[in-house]
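An overview of the molecular structure
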Amino acid sequence: MEGNDETNVESIHPLISVHNFEDNILGNQIYFHVIKLSESFHICVGTAAVMKNMAVAMQTKYNKGSASGNALFGDAGDTVSLNMAQKLAQKTGKQVFVSCSVPYDQNLIPLVEKRISDEIKSHPQHF
Amino acid sequence: MAAPVSSTSKSPVSSAQVAVNVKGQRTDIHCSVFTDQLYVIVTQFCKLGTLVQVKPETVVDDMEGTTPVLTAKVLFGNDEPLVHVISRRIAASLKPSKPVLLALSLKDTSREAVFPLLPAIQSCVARAQGGNSAQPISEEVLVR
């Protein structure tokens, strides 16, 4: 081993890409932060830059109906992120990670999901 | 290190990503800064892999006063001692003030493969946090 490790490090173009967008939904300024990975993506949704929870979901060949998912951390009783991850996994066929921290509102969540669906339709290259 | 970096100032979540090639092994590094935690992805498969939460804590000791320690908890994936060691080593090099959520998926977990990544991870996190000066990495950090 020669002492200097840094000589072997070469910078290349990153494959991970990020897509940010914002929208005002029912008076709440909601930001969306999408991290695109290989065959999967992580979407963080919220009104403030916090990541309180995370859920994952993916399609399996055994359950064509709904995607399998699980909450990873945060409040396990809060199923908003999990439901959203399952819907997105079903829609995109990818492994989806969701961190959703919007204030609970029955009317707001479907609109947030619709906003994400619209963005997937209009900018599929970011997901 | 002048890797292409895309970061947005408009979004409340600032982020940066770099990719480095260490001995022919491609590694993608991403960092998102949340107010409650740092989210760092270090991947050689372009996937999340193992998710580890590293929390900075302090141990109060009568003899030595307060000692900062890092505790690692594997949220999902490979819960092996080596994963704890590598994630705490990476988190320690970032000197975090808030919890670090680290997504690790490495093909090669040898010391020779992991240590050269630390400067790249540090500069990526520094860029995401807005300090665009890639701080020179002291030899001490690399050797310890």
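Since the model is a prediction, treat every value here as computed from it, not as a measurement.

**Focus: the pairing of strand E6 (residues 100-105) of chain B**
Residue and element names in this part refer to chain B.
- Buried residues dominate E6, accounting for six of its six residues.
- Residue alternation in E6 divides its side chains into two sets, Val100, Leu102 and Leu104 and Leu101, Ala103 and Ser105, and both sets are buried.
- Pairing analysis gives six bridges linking strand E3 (residues 38-43) to E6, with the strands arranged parallel. In the strand pairing of E6, Val42 is matched with Leu104.
- Two elements, strand E4 (residues 50-61) and E6, share five bridges in a ladder whose sense is antiparallel. Residue pairing for E6: Val54 is matched across the bridge by Val100.

**Concerning the layout of surface pockets**
All names here are of chain B.
- Estimates place the volume of the second largest pocket at around 150 Å³.
- Contributing to the lining of the second largest pocket are Thr50, Asn78, Glu80, Leu82, Val83, Ile86, Leu104, Ser105, Leu106 and Thr109.
- Of all the secondary structure elements, the ones that give two or more residues to the lining of the second largest pocket are helix H1 (81-94) and E6.
- Among the residues forming the lining of the second largest pocket, the class breakdown is five nonpolar, four polar and one charged.

**Remarks on the interface of chain A and chain B**
- Between chain A and chain B, the contact holds 31 residues from the first and 41 residues from the second.
- Remark: the boundary between chain A and chain B carries zero salt bridges.
- The interface formed by chain A and chain B contains twelve residue pairs in polar contact (both at pLDDT 80 or more).
- Contributions of two or more residues to the side of chain A that touches chain B are made by strand E1 (9-12), strand E2 (17-25), strand E3 (28-37), strand E4 (40-46) and strand E6 (68-73) of chain A.
- Residue composition of the side of chain A that touches chain B, by class: 18 nonpolar, seven polar and six charged.
- Bridging between E1 of chain A and strand E1 (residues 14-22) of chain B involves four bridges; their strand directions are antiparallel. Bridging from a neighbouring strand, Ile12 of chain A pairs with Ala19 of chain B of E1 of chain B.

**A closer look at the side chain of His42 of chain A**
- Counting through the fold element by element, His42 of chain A comes out in strand E4.
- Assessed through its relative accessible area of 0%, His42 of chain A is described here as buried.
- Side-chain polar atoms of His42 of chain A contact the side chain of Ser99 of chain A, separated by 3.0 Å.
- Separated by 2.8 Å, the side chains of His42 of chain A and Tyr39 of chain B make a polar contact.

**Concerning the environment of Tyr39 of chain B**
- Along the chain, Tyr39 of chain B falls in strand E3.
- According to the relative accessible area criterion, Tyr39 of chain B is buried, its value standing at 0%.
- Once the C-alpha coordinates of Tyr39 of chain B and Val13 of chain B are considered, the two residues, 26 residues apart in sequence, prove to be 10 Å apart.
- Not counting chain neighbours up to four residues away, the residues in contact with Tyr39 of chain B comprise Ile35, His42, Met51 and Met54 of chain A together with His30, Cys31, Ser32, Phe34, Leu48, Leu51 and Leu101 of chain B.

**Examining empty space enclosed by the protein**
Residues and elements named next belong to chain A.
- Summed over all chains, the structure comprises one cavity of 30 Å³ or more.
- In this structure, the largest cavity spans a volume of roughly 40 Å³.
- As for the largest cavity, its lining consists of Asn53, Met54, Ala55, Ala71, Phe73, Asp75, Asp78, Ser81 and Leu82.
- Elements with a contribution of two residues or more to the lining of the largest cavity: strand E5 (54-58), E6 and helix H1 (80-92).
- Class assignment of the residues belonging to the lining of the largest cavity gives a composition of five nonpolar, two polar and two charged.

**Quick notes on the sheet that holds E1 of chain B**
- Across the sheet, which stays open at both edges, the seven strands sit in the order E1(A)-E1(B)-E2(B)-E3(B)-E6(B)-E4(B)-E5(B) with mixed pairing between neighbours. Unpaired on one side and paired on the other, E1 of chain A together with strand E5 (65-76) of chain B mark the two borders of the sheet. Averaged over all adjacent pairs, the angle separating strand axes in this sheet is 25 degrees, with direction ignored.
- In the sheet, E1 of chain B pairs with strand E2 (residues 25-33) of chain B via nine bridges, with the strands oriented antiparallel. Of the residues in E2 of chain B, the one forming a bridge with Ser15 of chain B is Ser32 of chain B.
- On the sheet, H1 of chain B packs against E3, E4, E5 and E6 of chain B and is oriented at approximately 130 degrees with respect to E5 of chain B.

**Remarks on the sheet that holds E2 of chain A**
Residues and elements named next belong to chain A.
- Spatial ordering of the open sheet is given by E2-E3-E4-E7-E5-E6, a layout of six strands whose pairing is mixed. With partners counted over all chains shown, the strands left at the sheet margins are E2 and E6, one partner each. Sheet twist, expressed as the mean angle between neighbouring strand axes with direction ignored, is 20 degrees.
- Pairing analysis gives nine bridges linking E2 to E3, with the strands arranged antiparallel. Considered in E3, the bridge of Asn24 is made with Gln29.
- Along the sheet, H1 makes contact with E4, E5, E6 and strand E7 (95-101), crossing E7 at roughly 145 degrees.
- Sitting on the sheet, helix H2 (residues 108-122) touches E2, E3 and E4, and the angle it makes with E2 is about 135 degrees.

Here is what the cut-offs are and how they apply
- Residues numbered from 1 in each chain as written.
- Chains lettered and ligands numbered in written order.
- Predicted model: local features only at pLDDT ≥ 70, side-chain atom pairs only at ≥ 80, totals over all residues.
- Heavy atoms only, no water.
- Buried < 20%, exposed > 50% of the residue type's maximum accessible area, 1.4 Å probe, protein only.
- Helix = DSSP H or I, 4+ residues; strand = E, 2+ residues; numbered from the N terminus.
- Pairing = 2+ DSSP bridges.
- 1 Å grid on protein atoms, 1.4 Å probe; cavity = no way out; pocket = protein on both sides within 12 Å on 5 of 7 lines; lining within 4 Å.
- Points joined across faces, edges and corners; volume = space filled by probe spheres on them.
- Nonpolar A, V, L, I, M, F, W, Y, C, P; charged D, E, K, R; others polar.
- Contact = heavy atoms within 4.5 Å.
- Salt bridge = Lys/Arg side-chain N within 4 Å of Asp/Glu carboxyl O.
- Polar contact = N/O pair within 3.5 Å; in protein donor to acceptor, adjacent residues only side chain to side chain.
- Axes fitted to C-alpha atoms, helices over the stretch in contact; angles between N-to-C directions.

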